[in-house]
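An overview of the molecular structure
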Amino acid sequence: MKILIVGAGGFIGSHLSEEIINNHKDWKVTAIDISSEKIKHLIGKNGFDFIQMDILNDGGALDEQVKNCDVVFPLAAIASPLVYVQNPLKVFELDFEANLRIVKLAVKYGKRVIFPSTSEVYGMCSDEAFDEENSNCVTGPICKQRWIYSCSKQMLDRVIYAYGVRDNLKYTLFRPFNWIGPRLDDVFNANNGSSRVVSQFLSNIIHEKNINIVDGGEQVRCFTYISDGIDALIKIIENKDNCADKQIFNIGNPNNEFSIKDLANKIVQLAKNYDKLKEHVEKIKIVNTSHAEYYGKSYQDVNRRVPSVERAQRILGWKPMVDMDSLLTKTMDFYFK
Ligand code: NAD
């Protein structure tokens, strides 16, 4: 099977590529990205082809790649809350327009699409656990520009679904809930608010900046270790008895439900076990800030985000295995051991 991964140089793409190259020798990966930093260890390996390409400016070269594959993962996107509020049109151009083009190419050439939707599509839904078939997608007013990411993803989910109905597009939508692990972001270089929460906190510690928790840090997220996420993606690619076709799956760990405040405290405690962090962590505090101060006025938060993973369990035979302590330790070991 020929698998095209667009955005293969990112967090999810690099782990997916690695897993395929190491453990699924009969599959081949064509990896497209503007950057190869996180996949440089794979370049030159059997079954792995890297093409450096900017999909916003590829002169049509991407068309040929979609034509030549069996399945495409359109993973290239901006997934950083600060960019949602500071440069929402950049998010729309990449996350929606560029990925819509890939979806249309998949329809044209009859290819399978495995698309990363997001837990963010549920927005401010108040359900206890978000359900792929029944939960509402609840976003805020237009002036809260942060919703452009959620809406871009939701619209693509709807477009892909509609192509499935009209043109029999073979697709699977997966919704990651805060996947965490090695290579998440460059923690040694992160600017405030530009990276995801765990990497942001680690970066603050290294740079001896106080950890900001926004609006009291009562917001709840479910953290999922990358290997659990990749296990689900492999099952989706395998697609036993076509079980993943035209399906949507939440891929998250409901057992790792943590408030941002508790997460900050836990990371600070764990940091004391690492020689590279020990001194730095003594010099910082956890401080409260408002979302307007931290992200700007067009931010709006989601209080609680917990997935139901019953569908993924029943249909794919998948369930998350890695608990919160192990997930944070494995991630911190990667950066600081
Ligand atoms: P990431 O930011 O680590 O990776 C995205 C990759 O896309 C980067 O390597 C980047 O260089 C590449 N890219 C950006 N612009 C490009 C362009 N113009 N041309 C070619 N490549 C380009 O993100 P990730 O965490 O790996 O996420 C992958 C997908 O999963 C995204 O669509 C994201 O929205 C979605 N997602 C991720 C999570 C998560 O927990 N990590 C949660 C929900 C959804």
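For the structure, check the block above.
Read on for a plain summary of the structure. Note on numbering: residues in each chain are counted from 1, in written sequence order. Selection of residues for local features in this predicted model requires a pLDDT of at least 70, selection of side-chain atom pairs for listing and counting requires 80 or more, and totals for whole chains, interfaces and linings are taken over all residues. With hydrogens and water stripped out, all remaining heavy atoms of the structure feed into the side-chain values.

1. Digging into the layout of surface pockets
Here a cavity means grid points, on a 1 Å grid over the protein atoms only, where a 1.4 Å probe fits yet cannot get out; a pocket means an open set of points with protein on both sides within 12 Å along at least five of seven lines; lining residues are those with an atom within 4 Å of a point. Grid points are joined across faces, edges and corners, and a volume is the space filled by probe spheres set on the points. The computed volume of the second largest pocket comes to approximately 330 Å³. Around the second largest pocket, the lining is made up of 18 residues, and of these E132, R158, Y161, R175 and I248 lie nearest the centre. Secondary structure follows DSSP: runs of H or I at least 4 residues long count as helices, runs of E at least 2 residues long count as strands, and numbering of each begins at the N terminus. Those elements that place two or more of their residues in the lining of the second largest pocket are helix 5 (147-167), strand 6 (171-176) and strand 11 (247-251). The element best represented in the lining of the second largest pocket is helix 5, accounting for four residues. Residues are grouped as follows: Ala, Val, Leu, Ile, Met, Phe, Trp, Tyr, Cys and Pro are nonpolar; Asp, Glu, Lys and Arg are charged; all remaining types, including Gly, are polar. Taken together, the residues of the lining of the second largest pocket break down into six nonpolar, five polar and seven charged.

2. Focus on helix 8 (residues 260-271)
Its twelve residues give helix 8 an end-to-end C-alpha distance of 16 Å, which sits within 8% of 16 Å, the value for a rise of 1.5 Å per residue. Working definition: with a 1.4 Å probe on protein chains only, accessible area under 20% of the residue-type maximum means buried, over 50% means exposed, and in between means partly exposed. Burial in helix 8 covers these residues: I260, L263, A264, I267, V268, L270 and A271. Down the axis, helix 8 shows its buried residues gathered within 165° of arc, on one side only. By this rule the span expected of a helix is its residue count minus one, scaled by 1.5 Å. Working note: the arc is built from the helix axis to C-beta atom directions.

3. Things to note about the site of the ligand
Near the ligand you find 25 residues, and of these D33, D54, Y149, K153 and R196 are the closest. In the analysis that follows, any N or O atom pair within 3.5 Å is treated as a polar contact, provided that within protein one partner can donate a hydrogen and the other can accept it, and provided that, for residues neighboring in sequence, both atoms belong to side chains. The separation between an oxygen atom of the ligand and a polar side-chain atom of Y149 is 2.6 Å. Separating an oxygen atom of the ligand from a backbone N or O atom of W179 is a distance of 2.9 Å. Secondary-structure elements contributing two or more residues to the shell around the ligand are helix 1 (11-23) and helix 5. Classifying every residue of the shell around the ligand gives 15 nonpolar, six polar and four charged. In this text, near means that some heavy atom of the residue lies within 4 Å of the molecule or strand in question.

4. Quick look at the sheet that holds strand 1 (residues 2-6)
Read across the sheet, seven strands follow the order 3-2-1-4-5-6-11 without closing on themselves; strand pairing throughout is parallel. Because the sheet does not close on itself, it has two edges, and the strands there are strand 3 (48-52) and strand 11. In this sheet, adjacent strand axes meet at a mean angle of 15° when their direction is disregarded. Set on the sheet, helix 2 (residues 61-68) makes contact with strand 1, strand 2 (28-33) and strand 3; between it and strand 1 the angle comes to about 145°. Against the sheet, helix 4 (residues 88-109) touches strand 1, strand 4 (71-74) and strand 5 (112-116), its axis set at about 170° to strand 4. By this definition, two strands are paired if DSSP reports at least two bridges between them. Simply put, an axis is a line fit to the C-alpha atoms, just over the touching stretch for a helix, and the angle between two N-to-C directions goes from 0 to 180 degrees. Pairs of residues are marked as contacts when any of their non-hydrogen atoms sit within 4.5 Å.

5. Considerations on the pattern of salt bridges
Any carboxyl oxygen of Asp or Glu that lies within 4 Å of a side-chain nitrogen of Lys or Arg is treated as forming a salt bridge with it. One pass over the structure, following the stated rule, counts 20 salt bridges. The residue E120 makes a salt bridge to R305 at a minimum N-O spacing of 2.6 Å. Of this pair, E120 sits in the loop between strand 5 and helix 5 while R305 is found in the loop between helix 10 (291-294) and helix 11 (310-316), placing the two residues 185 residues apart along the sequence. What makes E120 buried here is its relative accessible area of 10%. Taking relative accessible area as the criterion, R305 reaches 5% and is therefore assigned buried. With a shortest N-O distance of 2.6 Å, E310 and R314 are connected by a salt bridge. Taken together, the residues E310 and R314, both in helix 11 and four residues apart, mark about one turn of the helix. For E310, a relative accessible area of 40% translates into the label partly exposed. In the salt-bridge network here, residues are joined through shared partners; they are D58, D63 and R101.

6. What about unusual backbone geometry?
For residues besides glycine, phi is generally negative; the peptide bonds are generally trans as well. A positive phi angle, close to 50°, is found at D215, a residue other than glycine. A relative accessible area of 36% places D215 in the partly exposed class. If you check the backbone angles, N242 has positive phi at about 60° while not being a glycine. Mapped onto the fold, N242 is located in the loop between helix 7 (226-238) and strand 11. With relative accessibility at 47%, the residue N242 sits in the partly exposed group.

This is a description of form; function is not addressed.
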